[in-house]
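Below are the chains, spelled out letter by letter.
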Amino acid sequence: MKIAVLPGDGIGPEICVQSLKVLKAISFKFGHQFILSKGLIGAESIKQTCLPITKETITLCKSYDTILLGAVGDPLYDNDPQINLRPEQGLLELRHHLGLYCNMRPIKTYNKLLKVSPIKQSVINKVNLVIVRELTSGIYFGNKWRSKDEAYDICTYNKHIIKQIAIQAFETARQRPNKHLTLVDKANVLETSRLWRETVKEIAQDHPDIKVDYMFIDNATMQIVFKPIQFDILLTDNMFGDILSDEASVITGSLGLLPSVSFGNHYSLYEPVHGSFPQAKGHNIANPLGSILSVSLMLYHFGFKQESLFINRAVNESITLGITTQDINHNHPCTTSAVGDFVFSYILKPRRR
Ligand code: IPM
Ligand code: MG
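Residues numbered from 1 in each chain as written. Chains lettered and ligands numbered in written order. Predicted model: local features only at pLDDT ≥ 70, side-chain atom pairs only at ≥ 80, totals over all residues. Heavy atoms only, no water.

Caption draft 1: Highlighting the overall build of the protein. What the protein contains, in helices and strands, is 13 helices and 12 strands. Over its C-alpha atoms the protein spans a radius of gyration of 20 Å, differing by no more than 12% from the 20 Å that the globule rule assigns to 353 residues. Of all 353 residues assigned to the protein, the portion counted as buried reaches 53%. In the protein, which carries 38 positive and 33 negative side-chain charges, the distance between the mean positions of the two groups comes to 9 Å. (Helix = DSSP H or I, 4+ residues; strand = E, 2+ residues; numbered from the N terminus. Rg over C-alpha atoms; globule rule 2.2 N^0.38 Å. Buried < 20%, exposed > 50% of the residue type's maximum accessible area, 1.4 Å probe, protein only. Lys, Arg positive; Asp, Glu negative; His and termini not counted. Charge placed at Lys NZ, Arg CZ, Asp CG, Glu CD.)

Caption draft 2: Representation of the pairing of strand E5 (residues 128–134) within the structure. Counting buried positions along E5 yields six of seven residues, so the element is predominantly enclosed. In terms of strand pairing, strand E4 (residues 102–108) meets E5 through seven bridges, oriented antiparallel. Residue Asn 103 lies in a different strand from E5, and its bridge partner there is Arg 133. Note that E5 and strand E10 (residues 233–236) share four bridges and pair parallel. Looking at the pairing, Ile 131 lines up with Leu 234 of E10. (Pairing = 2+ DSSP bridges.)

Caption draft 3: Region of interest: helix H9 (residues 217–226). For H9, the set of buried residues is Ile 217, Ala 220, Gln 223 and Ile 224. Projected down its long axis, H9 carries its buried residues within an arc of 115°, all on one side. Buried-residue contacts for H9 involve strand E8 (180–185), strand E9 (211–216), E10 and helix H10 (238–252). (Arc of directions from axis to C-beta. Contact = heavy atoms within 4.5 Å.)

Caption draft 4: Focus on the sheet that holds strand E11 (residues 261–263). Across the sheet, 10 strands lie side by side as E2-E1-E3-E12-E11-E4-E5-E10-E8-E9; this open sheet has mixed pairing. What marks the edges here is a single partner per strand, and that holds for strand E2 (35–38) and E9. Ignoring strand direction, the axes of neighbouring strands in this sheet form an average angle of 25°. (Axes fitted to C-alpha atoms, helices over the stretch in contact; angles between N-to-C directions.)

Caption draft 5: Here's a closer look at the nonpolar core. In terms of nonpolar packing, the biggest core is built from 57 residues, with Val 132, Leu 235, Ile 311 and Ile 347 touching the most fellow members. Viewed by domain, this core spans two of them, domain 1 (1–107 + 255–353) and domain 2 (117–252), each represented by three or more residues. Non-local contacts of Ile 311, meaning those with residues more than four positions away in its chain, are made with Val 22, Ile 26, Ile 292, Val 295, Ser 296, Leu 299 and Ile 347. Ile 107, Ile 131, Met 215 and Ala 248 belong to the second largest nonpolar core, which has 20 residues in total. (Core = buried A, V, L, I, M, F, W, Y, C linked by side-chain atoms within 4.5 Å. Domains from an automatic or database assignment.)

Caption draft 6: Expanded view of helix H12 (residues 305–321). In a regular helix each residue adds 1.5 Å, so 17 residues correspond to 24 Å; H12 covers 24 Å between its end C-alpha atoms and thus fits that length. Within H12, burial applies to Glu 307, Ser 308, Phe 310, Ile 311, Ala 314, Val 315, Glu 317, Ser 318 and Ile 319. Of the surrounding secondary structure, the elements contacted by the buried residues of H12 are helix H1 (12–30), helix H11 (289–301) and helix H13 (336–348). The positive-phi residue at the C-terminal boundary of H12 is Gly 322, with phi of around 75°. (Expected span 1.5 Å × (residues − 1).)

Listed below in C-alpha cells is the structure:
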C-alpha cells in the first residue's frame, strides 16, 4: 500500500512521526509493506516553494493509494488580512483537486475520559456519533470578492453534490445500530439549506429503514452539548460541519483525539480534526491519538480490519492506563513520543491484564 504523507505545519510533523511509528508496528506484526513518500503542504510549502500546495504534491497524492495529512496553518498568516497566500489554501485545493466531497468525523466517549470533558458525565456517557460534512462546495468554494469596504463569499450547492454526500450518510447510517440521521441546516433562512432538505427528503424515501430528522444549525449547536446522545449521523454542509465538529470534540475530552477521513470517487485522505496547534510545536506535548486513529480508519477502509482493531485496542489501552498527553491527562502527562512508543509496543505485544 502506497501512502503519501503530508506532515504540514505546527505539530503536524511530530504527530505524523507517531503515526508512522504505528504503521511500522503494523508492518512488523502483519508483514505488510507500506510505501511512504512525503510531500509539502501549507506554510511549510509556502516557505519552500512560494505556493501553499504545488503540482508535485498533487501529482504525488494522485499517484498513491491514499494520503495521511498532519495539519496546516500558521499564525504568521492569521492576523494579516492583506496576505493573499495562506497555508489553508493548500488543503482546500487538495480537497478540491481530489474531489474529496465527503468528510466523516466519528466522535465517541471513552469511559476513562468522561471526567476530562467539561460537560457533565451523565450527558456525554455513551455518545457515539458521526459528523458527515460536505467538503468541496458551499461557502468555502463559492465566489469571493473584496473591495476596500465590502466583501462577499457566496454559498453555492447543487443537487448532485448534496445527493452524493447524502447517499454516503444514509449508507453509513444503515450500518449503525440506531439507523438515525439528522440533517443540520438553516432552512428557515437559507435557500441552499432548503435545497439540502428537499434533496435529503427524496433520498430518505429510498431508505425507509433510516429514521430521519431535521434540525436548524443554531439549535443543533445547543443540542450537541445539551443532549448529544440523541444523535447518530449528523449530515451537514461544509461551513456548519467545520464548526459543529470542533464543538463536538468537547464531548470526547479533547480535539486532539478526533480522527477523520475525507473521500471522493477516486481518492481518500486521512487527517486528525485538530489544527496545527502552533503554541505546542516542537514541545513534544501534542496529542498524537487523533492522527493514530486516522491511520486506523485508513487501514479499516482499505480492508485491513484486524490491523485497525489492533491500533484501536492499543489506543484504548493508552487511554485506560493514562499514557496520554496533557490535554487529557492533567496530573501525569506523557510526551507525544511516549504515547506513540506505547501504542507501537502494545501493537507488537499486547499485555493481558
Ligand atoms: C478542518 C479545518 C480546515 C477547514 C482548515 C484548516 C481549512 O478547520 O478541516 O476542520 O476549515 O476545513
Ligand atoms: Mg475545522
